[in-house]
Every structure is written in C-alpha cells, then in structure tokens.
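So the chains spell out like this:
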Amino acid sequence: MATTTEFVPPRSGRIDKKYNRVPGKKGNFEMVAWLFMRISGLFLVVLIFGHLITNLLVGDGINGLDFGFVAGKWADPLWQFWDLAMLWLAMLHGTNGVRTIINDYADKDRTRFWLKMVLYFATVVIVVLGTLVIFTFDPCIPGSPLEVCN
Ligand code: HEM
C-alpha cells in the first residue's frame, strides 16, 4: 500500500501574524531576504571554491599553509577583497538563515527576540573584527618569521 508523507511546516498554525501574507500589505523584507539567500549562495559557491583551490590545491597544497602564506595573500588587494566578500556574505547569509530558523522554531516572543539579539550581536562582532583583521594585518610584528621583515 502506498503511503504519503504530509509536509507539516514548523509552528504550523502558530506562525506569528506578521509573517502572514496580507493582500495589499506593503514591505517585502522577507521576499528580499529569500532572494538574498539564493544570490549570496551562488556567490559563495564561487568564493569558497576559489578559496579552497588556491589554498589547498595549487602550489604546496595544505603543506604550504603558514604565516607567510597568509601574509603573501593579504599583500594582494585581490585576496583582501576576496576574503572580505567571503566573510561578509557568509556571515550575512548564515545570520539570515539562523534568523529564519529562530523565527520558525522559537515559540515565545521574548525567546525569539533575545535569541535574535544574541545572533545579531555575534554577527556584528565577527564582521567588524574580521574586517579589521583583513585590513590592518601587519606581517612584520615583533618576532615575525618572515625574512622581508628582518
Ligand atoms: C556554498 C555556498 C552556499 C550555498 C549555495 C548556500 C545556499 C543556501 C540556500 C539556497 C539556502 C536557503 C534554503 C531555504 O530557504 O530553504 C540556505 C540556507 C542556509 N544557509 Fe546556506 N549556502 C551556502 C553556504 C552557507 C554558509 C557558508 C553558511 C554558514 C555561514 C550557510 C548557512 C545557512 C543557514 C543557517 C541556512 C538556513 C537553513 C534553513 O533555513 O533551514 N550557508 N543556504
């Protein structure tokens, strides 16, 4: 006998009214967020595979990864902006994905609110720190193993 599996959406029947489609309602943030996940996903495929190929496949591969390798890459603005785009897109994509999961699964308004506050706070800290590291990285710190610094 054939069996069918019915899809039951998370929190079905209990979804906050603000997520309902109301005819004539202005504002399309959720649609833009949905589209952003698809477009950022496409860019992430290119960025992540480019990152993996240059870091792990060409040259000495994984054995060539050290402080000097990173210093060399970040001396080139192309890789600075590549890593910046990867950081920003992965963080915004991941944060928006987790925001969706929180909205879907956290029942109480206060729980949803605080989980999202923690999420946004962590995102801002990581994006700001990561951006600063990429653009303020100095390979010639005291004790640097690089010959060009000595
Ligand atoms: C390799 C490139 C990637 C592609 C093509 C991709 C694609 C997608 C797409 C299309 C969705 C939406 C799924 C849906 O709405 O049902 C999604 C959701 C999500 N992505 Fe990605 N993604 C990528 C990388 C990442 C990375 C690097 C992270 C983490 C930083 C991440 C975290 C998430 C999360 C948390 C969700 C939400 C999952 C859910 O709703 O159940 N993704 N991804």
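The name an unreviewed UniProt entry assigns to the protein is Succinate dehydrogenase, from the organism Zhihengliuella salsuginis. In its Subcellular location (unreviewed entry) section, UniProt records this for the protein: "Membrane".

Participant: Got a minute to help me understand the coordination of the iron atom of the ligand in this structure?
Facilitator: Six octahedral donors around a metal ideally make angles of 90 or 180 degrees; four tetrahedral donors ideally make 109.5 degrees. You will see that the iron atom of the ligand has only one donor from the protein, H93 (NE2), lying 2.0 Å away. Relative to the elements of secondary structure, H93 occurs in helix α3 (residues 77-105).

Participant: What's the story with helix α1 (residues 29-57) in this structure? I'm lost.
Facilitator: Since one α-helical turn is 3.6 residues long, residues separated by three or four positions face the same way. The end-to-end C-alpha distance of α1 is 40 Å, a good match for the 42 Å that 29 residues give at a rise of 1.5 Å each. Taken together, the buried positions of α1 are occupied by A33, M37, S40, G41, L44, L47, G50 and N55. The inward-facing, buried residues of α1 contact α2 (67-74) and α3. A positive backbone phi angle near 65° is found at G59, which sits one or two residues after α1.

Participant: Help me out: how do you make sense of the pattern of salt bridges in this one?
Facilitator: When the charged atoms of two side chains with opposite charge come close together, those side chains can pair. Going through the model one piece at a time under the given rule, you end up with 2 salt bridges. In this structure, R99 and E30 form a salt bridge, with 3.0 Å as the shortest nitrogen-oxygen distance. Of this pair, R99 sits in helix α3 while E30 sits in helix α1, and the two are 69 residues apart along the sequence. Judged by its relative accessible area of 39%, E30 is partly exposed.

Participant: What's the story with the site of the ligand in this structure? I'm lost.
Facilitator: Close to the ligand lie M37, R38, G41, L44, V45, I48, A90, H93, G94, G97 and V98. Side-chain polar atom of R38 to an oxygen atom of the ligand: 3.3 Å apart, as the coordinates give it. H93 is positioned such that a nitrogen or oxygen atom in its side chain is 2.8 Å from a nitrogen atom of the ligand. When residues of the shell around the ligand are traced back to their parent elements, those giving at least two are α1 and α3. At 6 residues, the largest contribution of residues to the shell around the ligand is made by α1.

Participant: Can you walk me through the UniProt feature "transmembrane region" (unreviewed entry) in the protein in this structure?
Facilitator: Annotation from UniProt places "transmembrane region" (unreviewed entry) at residues 35-58, 78-98 and 118-137. Within residues 35-58, the helical portion is 96% and the strand portion 0%, while the C-alpha atoms at the span's ends are 34 Å from each other. End-to-end, the C-alpha atoms of residues 118-137 are 28 Å apart, and along that stretch the chain is 95% helix and 0% strand.

Conventions adopted
- Residues numbered from 1 in each chain as written.
- Predicted model: local features only at pLDDT ≥ 70, side-chain atom pairs only at ≥ 80, totals over all residues.
- Heavy atoms only, no water.
- UniProt positions renumbered as here; feature names shortened; annotations may be inferred.
- Donors = N, O, S within 2.8 Å, 3.2 Å for Na, K, Ca; no water.
- Helix = DSSP H or I, 4+ residues; strand = E, 2+ residues; numbered from the N terminus.
- Expected span 1.5 Å × (residues − 1).
- Buried < 20%, exposed > 50% of the residue type's maximum accessible area, 1.4 Å probe, protein only.
- Contact = heavy atoms within 4.5 Å.
- Salt bridge = Lys/Arg side-chain N within 4 Å of Asp/Glu carboxyl O.
- Near = heavy atom within 4 Å.
- Polar contact = N/O pair within 3.5 Å; in protein donor to acceptor, adjacent residues only side chain to side chain.

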